[in-house]
Amino acid sequence: PPARCTPPLRAGTVLGAGTIAGAAPGAMAAARGVRVAVGQMCSTTSVAENLESISKLAARAAAGGAAMLFLPEASYAMGVSAGDADVLSQVPMAKDRLGAIAREASLWISVGGHAEAPEAGDARVDNVHFVFGPDGAARAAYTKTHLFDASTSSGVLRESAHTRPGAELVALRGTPVGTLGLMTCYDARFPRVSERLRFEAGASVLAVPSAFTVPTGAAHWELLMRCRAVETQCYVVAAAQWGDHGGGRRTWGHTMVVDPWGTVVAQCGEGADELVFADICDSVISRVREAMPLESQRREDLYQRDSASLRVLGETSPP
C-alpha cells in the first residue's frame, strides 16, 4: 500500500508526523499535512449543555494544533422534530454560538445535523450540515438528502416523518483540507453521492457527521466509511454520536478518519467528548490517485440509466 504521512494509531492518540517512504531527511514537516481534530459526542436535548461540550472540544482542538474540527450529526441537539418548540426557538442562538466558537478558537468547524425550523405549511425540519470559517461565518450549508427510514433490531425509524430531504449536493472549496465534500450519516449508503463529490466537484476529503444506531453501526459503520474512501480515493472524516441519549436512543460512536487507501488512521474509543487528531496529506492523496487513476478509467458511458449499456440475460422471471 502507499506510504502514509501519519501512521495508524490507537484510539485517542494524537498523531505525529510519521514518514513517507523515500522522503529526504528534513522533509517530515512538509509531509505532515494539515492537522484536523474529530470529535465524538453524546448530545442530549439540552442545547446549552451541548454547546458547552462543543466549546470545550474546540478549545482542545485548537490547543492540539488542528486547523479544522469535525463534529457529529445532531451536535447541538439530539432528536429534534417540528414539535420541539423550545429547542427550535434556540436555533438562531445555537447557530450564532457555533460561529462564535469557531471564531474564538480560530478554527474551521464542520458540524452536522443542525435542525432548521420548518417552513410555513410543512411540519418537518431540515437536517443541515454547516461549515463555519475561523471568522465565524457560515461558509457552506448542506441539507441531508437521504433520510433514515429503516427497520432494525432496535425498532422502526422514519426520519422522513419529521425531516425534509435536501435537493442538492454540496462541496466547499478553499478549506484547509482542500475541497470538502459534505454528507450526513445515511448518505454514506449511497455511493453516487460521494462519487459525484469526488469526480465532479473535485473533493479530496469527505465529511460524514453521523449518529448511527448500535445495530447498524456494529454491522456497517467501518465498512461503509472505508468503502467510500477507497472508491473515491478521498480521506473520509466521520465524526459520530456515541452512547445513551435517553428515550431509548443509543448510538454506535467509533468516530474515525480513513485515508484514501482505506486505512483507518484515527479512531475514538467508547465514550463521550472524545477527540482524535489526524493529518490530511496531499502527498497521500496524490500517490493513491497516481498509482490507480480511477478518474481517467471511469466509464461514464456505462453508468447511465439506459437499456443500451445494460443487458440482463436469462429467464424474465425465476421458475
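The model shown is predicted, which means the values in this text are computed figures rather than measured ones.

Draft legend 1. Inspection of helix α6 (residues 214–232) at higher detail. With 19 residues, α6 should reach 27 Å at 1.5 Å per residue; the first-to-last C-alpha distance of 26 Å fits that figure. A maximum bend of about 55° is found in α6 at His220. Looking at α6, one finds that the buried residues are Thr216, Gly217, Trp221, Leu224, Met225, Arg228, Ala229 and Thr232. At the C-terminal side of α6, Gln233 shows a positive phi close to 55°.

Draft legend 2. Region of interest: the pairing of strand β17 (residues 274–280). Among the seven residues in β17, six count as buried, and that is most of the element. Bridge count between strand β1 (residues 34–40) and β17: seven bridges; the pairing is antiparallel. Within β17, the residue paired with Val34 across the bridge is Ile280.

Draft legend 3. Here's a closer look at the packing of helix α5 (residues 191–199) against α6. Packing of α5 against α6 leaves a shortest axis separation of 10 Å and a crossing angle of 35°. For the pair α5 and α6, the sense of crossing is right-handed. For the pair α5 and α6, the contacting residues are Pro191, Ser194, Glu195, Arg198 and Phe199 in the first and Arg228, Glu231 and Thr232 in the second. Each residue belonging to the contact of α5 with α6 can be placed in one class, and the counts come to two nonpolar, two polar and four charged.

Draft legend 4. Broad picture of the packing of aromatic side chains. A complete count under the given rule lists four aromatic pairs for this structure. Relative to Phe132, the ring of Phe130 lies with its centre 5.8 Å away and its plane at 35°, an arrangement referred to as tilted. The burial state of Phe130 is the same as that of Phe132; both residues are buried. Between the aromatic rings of Phe212 and Trp221, the centroid separation amounts to 4.9 Å while the plane-to-plane angle is 70°, which identifies the pairing as edge-to-face. Residue Phe212 shares its accessibility class with Trp221, and that shared class is buried. Chaining the aromatic ring pairs together yields one cluster made of Phe148, Tyr186 and Phe190.

Cut-offs used in this document
- Along each chain, residue indices are assigned from 1 in the same order as the chain's sequence is written.
- Note on the predicted model: pLDDT of at least 70 is required for a residue's local features to be given, and 80 or more for side-chain atom pairs to be given and counted; whole-chain, interface and lining totals, by contrast, use all residues.
- Processing note: side-chain calculations cover all non-hydrogen atoms of the structure and skip hydrogens and water entirely.
- Helix numbering and strand numbering both begin at the N terminus, where a helix is a DSSP run of H or I of at least 4 residues and a strand a DSSP run of E of at least 2.
- In this analysis, the expected span of each helix is defined as 1.5 Å times one less than the number of residues it contains.
- Fitting axes to the seven residues that end at a residue and to the seven that start at it, the angle between those axes gives the bend at that residue.
- Each residue gets one of three labels from its accessible area relative to the maximum for its type: buried under 20%, exposed over 50%, partly exposed in between, using a 1.4 Å probe on protein chains only.
- In this description, strands pair whenever DSSP reports at least two bridges between them.
- The angle between two axes is taken between their N-to-C directions and runs from 0 to 180 degrees, where each axis is a line fitted to C-alpha atoms and a helix contributes only its stretch in contact.
- By definition, any crossing whose near helix is turned counterclockwise from its far helix by less than a right angle is left-handed, and any crossing with a clockwise turn is right-handed.
- Any pair of residues with heavy atoms lying within 4.5 Å of one another is described as a contacting pair.
- Only Asp, Glu, Lys and Arg are considered charged in this grouping, and only Ala, Val, Leu, Ile, Met, Phe, Trp, Tyr, Cys and Pro are considered nonpolar; every other residue, Gly among them, is considered polar.
- Side-chain rings of Phe, Tyr and Trp (the six-membered ring for Trp) are treated as a pair once their centres are within 6.5 Å; stacked means planes under 30 degrees apart, edge-to-face means over 60, and tilted covers the remaining angles.

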